[in-house]
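Spelled out, the chains give:
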Amino acid sequence: MASAALNVVNATLNWVTAALDVPSARAVVFGVHIGGHLFVEGLLLVVILFLLSQKSYKPPKRPLTKKEIDELCDEWVPESLIPPITVDMQKEPPVLESAAGPHTIINGKEVVNFASANYLGFIGHEQLLNSCTSALEKYGVGSCGPRQFYGTIDVHLDCEARVAKFLGTPDSILYSYGLSTMFSAIPCFSKKGDIIVVDEGVHWGIQNGLYLSRSTVVYFKHNDMESLQNTLEKITSENKRVKKVRRYIVAEAVYQNSGQIAPLDEIIKLKEKYRFRVLLDESNSFGVLGRSGRGLTEYSGVPVEKVDLITASMGHALATEGGFCTGTARFIDHQRLSSSGYVFSASLPPYLASAAITAIDVLEKNPDLISKLKENIAKLWTGLSDIRGLSIASNPESPIVYLRLERSTGSVKDDLKLLEDIADHALKKDSVFVVVSKRSTLDKCRLPIGIRLFVSAAHSESDLLKACESLKRAAKIVLANHI
């Protein structure tokens, strides 16, 4: 019996040895003969197929007890919908207790106001107040409907016609909120697959419009025409064979984040050379730049029809609210059907449209307001030109005088702290109200932050002198260890 079993084992071993020694089962690896590789590979294949055929392990299902459910609920911590609130975010800005004119009330004390873009001093203007009062008595406060759904009132059409006539364009369209004008107009014309070339210093309203458009966005260096040309050249060469791609250049006339003025004449030359369209935001130049306040086109000597679309907020120079787009009838009519801010938002309250019409009338009849504003800008610019530790980054003719640190700390947070300390010192010690260009977490502008002063035609010479002296003292004290 034992000998029979031994014979079976020996026969099996002989068979395996013979199978491993056949020529087809041999392999040579780096000059070394290896036998039986086919047998090993076959065995591995069988094992793999066996493993793949097995069902994955699943624990037996058992309903949770009430106690287990309660314990899980007690341990669960919901994910926050917003980022954590830091100490820096908790700082509250000063609250105005009167109209935001050249002088206002903060904490019961009168201060000189350089924080409001009341460029022509129209806040509290008697003719604007009378216009609003008459409109309120005739139309009431609101319109209670979008423009395309019974929210159009005759004063809206009058305001659109007045803006177009003032700027010399075929047509205009009103929006109920100034900031929504640009981020409704951009997605209205530029879609996914289109290309937008934009200055890196544009304000958040434009940035949001770029995001909503889903277009390909390419930034060029702030107010740098050589960078713009290189960008246009590269885009043009890369898209020679691409058909039906709309291409735009987006810029601000006066940049809110730097106070610089865009060189429109050069932008138009590049636009025509590379066949782009230009969208220009004139929120801080309308009513300010040019001999009669018609904006950057008048200031630069560029025909207004060279700019494809002009947008502006009416909450600055006109001291009302809302915004407008102006251009060819084709551009305007398209927005009436496709612009979300126009189609779905309640229309501008009638009294604000009436105030805008009156403000333009007053501006046309009083061109000396522009001259007075320019004088005030020049005086403030001169008075702040030698301030220690700070430098003026804005254009000498810009209504926004922008002060930056001459020497950055290397940290945006530390720079912001120094600038806020200067602004706080000016407010508390000298009753001069200025603001720091603090940006939200959504703002992608990477230009250096600074102190922003909005100059008004209503500021007196003593107001300007007081601001200059106050900021010099504040900068000397705050930056004593930094300079």
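This text follows the structure it describes.
This is a predicted model, so every value here is computed, not measured.

Cut-offs used in this document
Residues numbered from 1 in each chain as written. Predicted model: local features only at pLDDT ≥ 70, side-chain atom pairs only at ≥ 80, totals over all residues. Heavy atoms only, no water. Core = buried A, V, L, I, M, F, W, Y, C linked by side-chain atoms within 4.5 Å. Buried < 20%, exposed > 50% of the residue type's maximum accessible area, 1.4 Å probe, protein only. Helix = DSSP H or I, 4+ residues; strand = E, 2+ residues; numbered from the N terminus. Contact = heavy atoms within 4.5 Å. Pairing = 2+ DSSP bridges. Axes fitted to C-alpha atoms, helices over the stretch in contact; angles between N-to-C directions. Parallel < 35°, antiparallel > 145°, perpendicular 65-115°, else oblique. Left-handed = near helix turned anticlockwise from the far one by under 90°. Nonpolar A, V, L, I, M, F, W, Y, C, P; charged D, E, K, R; others polar. Salt bridge = Lys/Arg side-chain N within 4 Å of Asp/Glu carboxyl O. Expected span 1.5 Å × (residues − 1). Arc of directions from axis to C-beta. Polar contact = N/O pair within 3.5 Å; in protein donor to acceptor, adjacent residues only side chain to side chain.

*Asks:* Now, about the nonpolar core: what can you tell me, with residues and values included?
*Replies:* One broad rule of soluble globular proteins: the nonpolar side chains tend to lie buried together. Ranked by internal contacts, the top residues of the largest apolar core, which has 116 residues, are Phe114, Leu228, Leu380, Leu384, Leu390, Leu453 and Leu471. Counting residues per element, this core draws most heavily on helix α14 (residues 350-365), at eight residues. Discounting chain neighbours no more than four positions away, the residues touching phenylalanine 114 are Leu380, Val432, Phe433, Val434, Arg452, Leu453, Phe454, His459, Asp463, Leu464 and Ala467. Among the nonpolar cores identified, the runner-up in size contains five residues, and Ile106, Val111, Ala115 and Phe433 belong to it.

*Asks:* So what about the sheet that holds strand β4 (residues 109-113)? Which residues, and what values?
*Replies:* Reading across the sheet, the three strands line up as β3-β4-β14 and stay open at both edges, with mixed pairing between neighbours. Every interior strand has two partners, whereas the edge strands, β3 (103-106) and β14 (432-433), have only one. Of the pairings in the sheet, the one linking β3 to β4 comprises four bridges and is antiparallel in character. In the strand pairing of β4, threonine 104 is matched with valine 111.

*Asks:* Now, about the sheet that holds strand β15 (residues 435-436): what can you tell me, with residues and values included?
*Replies:* Strands sit in the order β12-β13-β16-β15 across an open sheet of four strands; the sheet is antiparallel. Unpaired on one side and paired on the other, β12 (390-392) and β15 mark the two borders of the sheet. Direction of pairing for strand β13 (residues 400-405) relative to strand β16 (residues 451-454): antiparallel, over a ladder of four bridges. When the sheet's bridge partners are listed, valine 401 is paired in β16 with leucine 453.

*Asks:* Go over the packing of helix α7 (residues 178-189) against helix α8 (residues 204-213) with me, naming the residues and quoting the values.
*Replies:* Interhelical geometry of α7 versus α8 gives an angle of 30° and a closest axis separation of 8 Å. Regarding the angle of α7 to α8, the classification is roughly parallel. Every pair of crossing elements has a handedness; the one defined by α7 and α8 is right-handed. Contact residues: α7 offers Leu179, Met182, Phe183, Ile186 and Pro187, while α8 offers Trp204, Gly205, Ile206, Asn208, Gly209, Leu210, Leu212 and Ser213. The residue makeup of the contact of α7 with α8, split by class, is nine nonpolar, four polar and no charged.

*Asks:* Give a description of unusual backbone geometry that names residues and reports values.
*Replies:* Even without being glycine, arginine 214 reaches a positive phi, approximately 60°. Note that arginine 214 resides in the loop between α8 and β7 (216-220). Overall, arginine 214 belongs to the exposed group, its relative accessible area being 59%. The backbone of asparagine 223 shows a phi angle near 55°, a positive value even though the residue is not glycine. Within the secondary structure layout, asparagine 223 lies in the loop between β7 and α9 (225-238).

*Asks:* Provide a residue-level description of the pattern of salt bridges, including the pertinent values.
*Replies:* All chains considered together, the criterion is met by 13 salt bridges. Where lysine 306 meets glutamate 272, a salt bridge forms, and the shortest distance between an N and an O atom there is 2.9 Å. You can see lysine 306 sitting in the loop between α11 (296-300) and β10 (309-313) and its partner glutamate 272 sitting in helix α10 (residues 264-274), a full 34 residues away along the chain. For the salt bridge of arginine 473 with aspartate 430, the shortest nitrogen-to-oxygen distance reads 3.2 Å. Pair noted here: arginine 473 is in helix α17 (residues 461-478) and aspartate 430 is in helix α16 (residues 412-430), with a separation of 43 residues, a long-range link. Each of Arg162, Arg294, Asp361 and Glu364 takes part in salt bridges that share partners, so that together they form one network.

*Asks:* Help me get a handle on the environment of isoleucine 105, residues and values and all.
*Replies:* Topologically, isoleucine 105 is positioned in strand β3. Separated by 326 residues in sequence, isoleucine 105 and serine 431 place their C-alpha atoms 9.8 Å apart. The residues touching isoleucine 105, leaving out its near neighbours within four places in the chain, are Val95, Leu96, Glu97, Ser98 and Glu110.

*Asks:* I'd like a rundown of the side chain of serine 470, residues and numbers included.
*Replies:* For serine 470, the position within the fold is in helix α17. Residue contacts for serine 470: discarding those within four places in its chain leaves Ala426, Asp430 and Val432.

*Asks:* Could you give an account of α9, with specific residues and numbers?
*Replies:* Here α9 is 14 residues long and its end C-alpha atoms lie 20 Å apart, about the 20 Å a rise of 1.5 Å per residue gives. Met225, Ser227, Leu228, Thr231, Leu232 and Ile235 are the residues of α9 that are buried. Buried positions in α9, seen along its axis, are confined to an arc of 155° and lie on one side of it. Turned more than 90 degrees away from the buried face of α9, the exposed residues are Glu226 and Lys234. You can read the cap of α9 off the contacts: a side-chain oxygen lies 3.0 Å from the backbone nitrogen of glutamate 226, and it is on aspartate 224.

*Asks:* Can you break down the environment of phenylalanine 189 residue by residue, with the values?
*Replies:* Of note, phenylalanine 189 is situated in helix α7. Given a relative accessible area of 9%, phenylalanine 189 falls into the buried group. Spatially, the C-alpha atoms of phenylalanine 189 and tyrosine 248 are 9.5 Å apart, while their sequence positions differ by 59 residues.

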